[in-house]
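Per-entry structural report
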Amino acid sequence: VTLAVYFLGPTVAKVLLYYGLAPLIARGRPVRLTAELPALPEVAPSQVALNVGLSPGTRLWLKERFLQTADEGLERRTRFLLDWRMPFTCLASGLLELVELRQPPGATPSRSVTLSNEADPSVELALVTLPAGSALVLRPSYLIGAAAGAGERLVVRRRWQLFRWQSWVSLQFRFFEFVGPCRLIVAGSRGVRAERLDDPGAARRTNQDSTIGFTPNLDYLPARAETFWGYYRGMNPLFDDLVAGRGFFLCQQVSVA
(Lines give C-alpha, C1' and ligand atoms only; values in the text may rest on other atoms or scores of the structure.)
Protein backbone atom coordinates (compact mmCIF):
# COMPACT_ATOMS: atom_id res chain seq x y z
CA VAL A 1 0.00 0.00 0.00
CA THR A 2 2.80 2.38 0.90
CA LEU A 3 4.57 1.78 -2.41
CA ALA A 4 1.32 2.20 -4.35
CA VAL A 5 0.64 5.54 -2.64
CA TYR A 6 4.24 6.65 -3.23
CA PHE A 7 4.29 5.82 -6.95
CA LEU A 8 0.66 6.40 -7.94
CA GLY A 9 -0.42 9.07 -5.46
CA PRO A 10 0.97 12.10 -7.35
CA THR A 11 -0.56 10.89 -10.62
CA VAL A 12 -3.98 10.29 -9.05
CA ALA A 13 -3.88 13.68 -7.35
CA LYS A 14 -3.07 15.48 -10.62
CA VAL A 15 -5.83 13.62 -12.46
CA LEU A 16 -8.38 14.64 -9.81
CA LEU A 17 -7.20 18.25 -9.84
CA TYR A 18 -7.19 18.55 -13.63
CA TYR A 19 -10.45 16.73 -14.42
CA GLY A 20 -12.32 17.35 -11.18
CA LEU A 21 -11.46 20.60 -9.43
CA ALA A 22 -10.15 22.73 -12.30
CA PRO A 23 -13.37 22.66 -14.43
CA LEU A 24 -15.43 23.74 -11.40
CA ILE A 25 -13.13 26.68 -10.70
CA ALA A 26 -13.04 27.72 -14.36
CA ARG A 27 -16.84 27.95 -14.45
CA GLY A 28 -16.86 30.50 -11.62
CA ARG A 29 -17.75 34.17 -11.90
CA PRO A 30 -14.86 36.27 -13.25
CA VAL A 31 -13.29 39.16 -11.37
CA ARG A 32 -14.03 42.60 -12.78
CA LEU A 33 -12.79 45.43 -10.58
CA THR A 34 -14.11 48.37 -12.65
CA ALA A 35 -17.06 48.55 -15.02
CA GLU A 36 -15.53 51.13 -17.39
CA LEU A 37 -12.36 53.20 -17.67
CA PRO A 38 -12.51 56.78 -19.02
CA ALA A 39 -8.97 56.35 -20.38
CA LEU A 40 -6.56 53.51 -21.00
CA PRO A 41 -2.87 53.48 -20.04
CA GLU A 42 -0.20 53.96 -22.70
CA VAL A 43 2.64 51.45 -22.96
CA ALA A 44 5.95 52.26 -24.66
CA PRO A 45 8.00 49.47 -26.28
CA SER A 46 10.29 47.70 -23.83
CA GLN A 47 14.04 48.29 -23.97
CA VAL A 48 17.17 47.01 -22.26
CA ALA A 49 18.03 50.60 -21.27
CA LEU A 50 15.15 53.00 -20.63
CA ASN A 51 15.42 56.80 -20.48
CA VAL A 52 12.89 58.54 -18.21
CA GLY A 53 12.49 62.33 -18.34
CA LEU A 54 11.71 64.30 -15.17
CA SER A 55 9.96 67.64 -15.46
CA PRO A 56 10.19 70.23 -12.62
CA GLY A 57 8.60 68.90 -9.42
CA THR A 58 8.43 65.29 -10.63
CA ARG A 59 9.51 62.55 -8.21
CA LEU A 60 10.80 59.13 -9.28
CA TRP A 61 11.04 56.18 -6.87
CA LEU A 62 13.29 53.43 -8.12
CA LYS A 63 14.99 50.20 -7.08
CA GLU A 64 18.60 51.25 -6.78
CA ARG A 65 20.08 48.35 -8.77
CA PHE A 66 18.22 49.57 -11.89
CA LEU A 67 19.70 53.09 -11.73
CA GLN A 68 22.40 53.35 -14.39
CA THR A 69 22.96 57.08 -14.97
CA ALA A 70 21.25 60.32 -13.93
CA ASP A 71 21.70 63.99 -14.72
CA GLU A 72 23.50 66.06 -12.10
CA GLY A 73 21.24 68.46 -10.24
CA LEU A 74 18.53 66.00 -9.27
CA GLU A 75 17.72 65.88 -5.56
CA ARG A 76 18.32 62.44 -4.05
CA ARG A 77 17.05 60.77 -0.91
CA THR A 78 16.13 57.31 0.36
CA ARG A 79 12.52 56.13 0.55
CA PHE A 80 12.35 53.07 2.77
CA LEU A 81 9.02 51.75 1.40
CA LEU A 82 7.12 52.66 -1.75
CA ASP A 83 3.80 52.74 0.13
CA TRP A 84 3.58 52.54 3.93
CA ARG A 85 -0.03 51.34 3.70
CA MET A 86 1.16 47.96 2.34
CA PRO A 87 4.47 47.33 4.14
CA PHE A 88 4.49 43.52 3.86
CA THR A 89 3.78 43.62 0.13
CA CYS A 90 6.61 46.11 -0.40
CA LEU A 91 8.98 43.92 1.60
CA ALA A 92 7.97 40.77 -0.29
CA SER A 93 8.31 42.39 -3.73
CA GLY A 94 11.54 44.24 -3.03
CA LEU A 95 10.01 47.73 -3.06
CA LEU A 96 12.10 48.93 -0.13
CA GLU A 97 15.16 51.15 0.30
CA LEU A 98 14.27 52.92 -2.93
CA VAL A 99 16.12 55.84 -4.41
CA GLU A 100 13.94 58.96 -4.71
CA LEU A 101 15.03 61.33 -7.48
CA ARG A 102 13.35 64.71 -7.66
CA GLN A 103 13.61 67.49 -10.15
CA PRO A 104 13.47 70.73 -8.07
CA PRO A 105 10.45 72.94 -8.86
CA GLY A 106 11.32 75.74 -11.22
CA ALA A 107 14.52 74.05 -12.35
CA THR A 108 15.28 74.13 -16.05
CA PRO A 109 15.88 72.34 -18.28
CA SER A 110 14.16 69.01 -17.61
CA ARG A 111 16.53 66.26 -16.58
CA SER A 112 16.50 62.54 -17.27
CA VAL A 113 17.45 59.19 -15.75
CA THR A 114 18.63 56.06 -17.57
CA LEU A 115 17.52 52.72 -16.16
CA SER A 116 18.88 49.26 -16.87
CA ASN A 117 19.40 45.89 -15.20
CA GLU A 118 23.15 45.43 -15.61
CA ALA A 119 23.11 42.16 -13.64
CA ASP A 120 20.70 40.49 -16.10
CA PRO A 121 20.72 41.76 -19.72
CA SER A 122 17.74 39.53 -20.58
CA VAL A 123 15.46 41.79 -18.52
CA GLU A 124 13.85 44.64 -20.45
CA LEU A 125 12.00 47.65 -19.06
CA ALA A 126 8.82 49.33 -20.25
CA LEU A 127 7.30 52.69 -19.32
CA VAL A 128 3.55 52.65 -18.65
CA THR A 129 1.87 56.06 -18.58
CA LEU A 130 -1.43 56.31 -16.71
CA PRO A 131 -3.32 59.52 -17.55
CA ALA A 132 -6.07 60.83 -15.28
CA GLY A 133 -9.01 58.43 -15.25
CA SER A 134 -6.97 55.35 -16.13
CA ALA A 135 -5.81 52.47 -13.92
CA LEU A 136 -3.79 49.28 -14.11
CA VAL A 137 -3.88 46.14 -11.97
CA LEU A 138 -0.25 45.18 -11.49
CA ARG A 139 1.69 42.45 -9.72
CA PRO A 140 4.10 44.43 -7.50
CA SER A 141 6.97 42.00 -8.09
CA TYR A 142 7.26 43.30 -11.68
CA LEU A 143 7.31 46.96 -10.64
CA ILE A 144 10.76 48.53 -10.43
CA GLY A 145 9.87 52.21 -10.30
CA ALA A 146 7.10 54.81 -10.28
CA ALA A 147 6.92 58.55 -10.96
CA ALA A 148 4.41 61.19 -9.92
CA GLY A 149 4.17 64.81 -11.04
CA ALA A 150 4.36 67.94 -8.94
CA GLY A 151 1.60 68.00 -6.32
CA GLU A 152 0.55 64.43 -7.11
CA ARG A 153 0.95 61.23 -5.12
CA LEU A 154 1.04 57.59 -6.05
CA VAL A 155 -2.43 56.09 -5.50
CA VAL A 156 -2.65 52.30 -5.01
CA ARG A 157 -6.00 50.67 -4.32
CA ARG A 158 -6.06 47.27 -2.65
CA ARG A 159 -8.93 45.13 -3.93
CA TRP A 160 -9.58 42.13 -1.70
CA GLN A 161 -11.18 38.97 -3.12
CA LEU A 162 -11.44 36.66 -0.11
CA PHE A 163 -14.77 34.99 -0.81
CA ARG A 164 -13.98 33.41 -4.18
CA TRP A 165 -12.87 29.87 -4.86
CA GLN A 166 -10.55 31.20 -7.56
CA SER A 167 -8.66 33.23 -4.96
CA TRP A 168 -8.07 30.24 -2.71
CA VAL A 169 -6.92 28.06 -5.59
CA SER A 170 -4.52 30.64 -7.06
CA LEU A 171 -3.62 32.13 -3.63
CA GLN A 172 -4.29 35.58 -5.07
CA PHE A 173 -6.48 37.19 -2.43
CA ARG A 174 -6.05 40.82 -3.41
CA PHE A 175 -5.24 42.90 -6.44
CA PHE A 176 -3.20 46.10 -6.51
CA GLU A 177 -4.73 48.79 -8.72
CA PHE A 178 -2.49 51.73 -9.61
CA VAL A 179 -4.51 54.84 -10.43
CA GLY A 180 -3.46 57.66 -12.75
CA PRO A 181 -2.06 60.16 -13.24
CA CYS A 182 1.35 58.56 -12.77
CA ARG A 183 4.03 56.61 -14.63
CA LEU A 184 5.06 53.05 -13.85
CA ILE A 185 8.22 51.22 -14.89
CA VAL A 186 7.87 47.45 -15.18
CA ALA A 187 10.42 44.74 -15.93
CA GLY A 188 9.95 41.53 -17.90
CA SER A 189 12.10 38.64 -19.05
CA ARG A 190 13.11 39.15 -22.71
CA GLY A 191 10.77 42.13 -22.89
CA VAL A 192 7.30 43.35 -21.98
CA ARG A 193 4.42 42.89 -24.40
CA ALA A 194 1.07 44.70 -24.33
CA GLU A 195 -1.81 42.77 -25.88
CA ARG A 196 -4.91 44.82 -26.65
CA LEU A 197 -8.46 43.48 -26.80
CA ASP A 198 -10.76 45.73 -28.82
CA ASP A 199 -13.84 43.49 -29.09
CA PRO A 200 -16.07 43.24 -25.96
CA GLY A 201 -16.49 39.53 -26.71
CA ALA A 202 -12.77 38.86 -27.18
CA ALA A 203 -10.84 36.69 -24.73
CA ARG A 204 -7.19 35.66 -24.47
CA ARG A 205 -5.29 33.37 -22.17
CA THR A 206 -1.70 33.53 -21.00
CA ASN A 207 0.59 31.55 -18.74
CA GLN A 208 0.21 32.64 -15.11
CA ASP A 209 3.97 32.98 -14.77
CA SER A 210 4.09 35.55 -17.57
CA THR A 211 1.22 37.85 -16.51
CA ILE A 212 2.37 41.28 -15.33
CA GLY A 213 -0.91 43.16 -15.14
CA PHE A 214 -4.18 44.09 -16.84
CA THR A 215 -6.67 46.94 -16.98
CA PRO A 216 -9.34 46.60 -14.25
CA ASN A 217 -12.24 46.80 -16.72
CA LEU A 218 -11.38 43.31 -18.06
CA ASP A 219 -12.91 40.08 -16.79
CA TYR A 220 -10.18 38.03 -15.09
CA LEU A 221 -10.58 34.31 -14.50
CA PRO A 222 -8.29 31.29 -14.06
CA ALA A 223 -8.69 28.82 -16.95
CA ARG A 224 -7.65 25.18 -16.82
CA ALA A 225 -4.37 24.38 -18.59
CA GLU A 226 -4.99 23.46 -22.21
CA THR A 227 -3.47 19.97 -22.02
CA PHE A 228 -3.21 17.49 -19.17
CA TRP A 229 0.18 16.28 -20.38
CA GLY A 230 1.70 19.76 -20.16
CA TYR A 231 0.39 20.13 -16.60
CA TYR A 232 1.41 16.59 -15.59
CA ARG A 233 4.98 17.07 -16.83
CA GLY A 234 5.29 20.41 -15.03
CA MET A 235 5.53 22.42 -18.27
CA ASN A 236 2.44 24.49 -17.42
CA PRO A 237 0.66 25.41 -14.16
CA LEU A 238 -2.78 23.92 -13.52
CA PHE A 239 -4.39 27.27 -14.41
CA ASP A 240 -3.72 29.88 -17.08
CA ASP A 241 -4.88 33.49 -16.76
CA LEU A 242 -7.90 34.29 -18.93
CA VAL A 243 -8.89 37.91 -19.65
CA ALA A 244 -11.92 39.02 -21.61
CA GLY A 245 -13.54 42.31 -22.61
CA ARG A 246 -12.17 45.56 -24.00
CA GLY A 247 -8.79 46.66 -22.64
CA PHE A 248 -5.28 45.26 -22.58
CA PHE A 249 -2.96 43.18 -20.46
CA LEU A 250 0.80 43.09 -19.98
CA CYS A 251 2.96 39.98 -20.03
CA GLN A 252 6.64 39.18 -20.22
CA GLN A 253 7.95 37.57 -23.38
CA VAL A 254 9.38 34.53 -21.58
CA SER A 255 7.49 32.94 -18.68
CA VAL A 256 9.59 33.01 -15.54
CA ALA A 257 8.03 32.13 -12.18
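For the structure, see preceding data.
The notes below deal with the structure included here. (Residues numbered from 1 in each chain as written. Predicted model: local features only at pLDDT ≥ 70, side-chain atom pairs only at ≥ 80, totals over all residues. Heavy atoms only, no water.)

A few words now on the sheet that holds strand β12 (residues 174–179). The six strands are arranged β11-β12-β9-β16-β19-β14 in an open sheet whose pairing can be described as antiparallel. Two strands close off the open sheet at either side, each with one partner strand: β11 (155–160) and β14 (192–197). Going across the sheet, the axis of each strand differs from the next one's by a mean of 25 degrees, ignoring polarity. With two bridges joining them, strand β9 (residues 135–138) and strand β16 (residues 211–214) adopt antiparallel strand pairing. What sits directly across from Leu138, in β16, is Gly213. (Pairing = 2+ DSSP bridges. Helix = DSSP H or I, 4+ residues; strand = E, 2+ residues; numbered from the N terminus. Axes fitted to C-alpha atoms, helices over the stretch in contact; angles between N-to-C directions.)

Here we take up the sheet that holds strand β7 (residues 111–116). Strands sit in the order β2-β7-β4 across an open sheet of three strands; the sheet is antiparallel. Looking at the sheet topology across the chains shown, the edges are occupied by β2 (49–54) and β4 (67–70). With direction set aside, neighbouring strand axes in the sheet form an average angle of 25 degrees. For β4 and β7, the ladder comprises three bridges, and the chain directions are antiparallel. Its bridge partner being in β7, Leu67 is matched across the sheet by Leu115.

Right, let's get into the nonpolar core. Counting 27 residues, the largest nonpolar core has Leu82, Leu138, Leu143, Leu154, Phe178, Leu184 and Val186 as its most contacted members. Those elements that provide at least two residues to this core are β8 (123–130), β9, β10 (143–148), β12, β13 (182–189) and β19 (247–252). Not counting residues up to four positions away in its chain, the partners in contact with Leu82 are Trp61, Cys90, Leu95, Leu98, Leu143 and Leu154. Counting 18 residues, the second largest nonpolar core, distinct from the first, contains Val52, Leu115, Val123 and Leu127. (Core = buried A, V, L, I, M, F, W, Y, C linked by side-chain atoms within 4.5 Å. Buried < 20%, exposed > 50% of the residue type's maximum accessible area, 1.4 Å probe, protein only. Contact = heavy atoms within 4.5 Å.)

Helix length check: helix α1 (residues 2–26), at 25 residues, gives a terminal C-alpha distance of 34 Å against a target of 36 Å (1.5 Å per residue), a fit within 8%. Largest kink in α1: about 50 degrees, centred on Leu8, with the proline Pro10 one to four residues after it. When α1 is considered as a whole, its buried residues turn out to be Tyr18, Ala22, Pro23 and Ile25. (Expected span 1.5 Å × (residues − 1). Bend = angle between axes of the 7 residues up to and from the residue.)

By the definition in use, this model includes twelve aromatic pairs. Look at Tyr6 and Phe7: their rings are 5.1 Å apart centre to centre, the planes differ by 90 degrees, and that puts the pair in the edge-to-face class. Among the residues examined, Tyr6 registers a relative accessible area of 62% and is labelled exposed. Among the residues examined, Phe7 registers a relative accessible area of 57% and is labelled exposed. A centroid spacing of 5.6 Å and a plane angle of 80 degrees characterise the contact between Phe175 and Tyr220, whose relative ring orientation is edge-to-face. Of the two residues, Phe175 sits in strand β12 while Tyr220 sits in strand β17 (residues 219–224), which places them 45 residues apart along the sequence. For the pair Phe175 and Tyr220, one class covers both residues: buried. One aromatic cluster is present, formed by Tyr18, Tyr19, Phe228, Trp229, Tyr231 and Tyr232 through successive ring pairs. (Phe/Tyr/Trp six-rings, centres within 6.5 Å; stacked < 30°, edge-to-face > 60°.)

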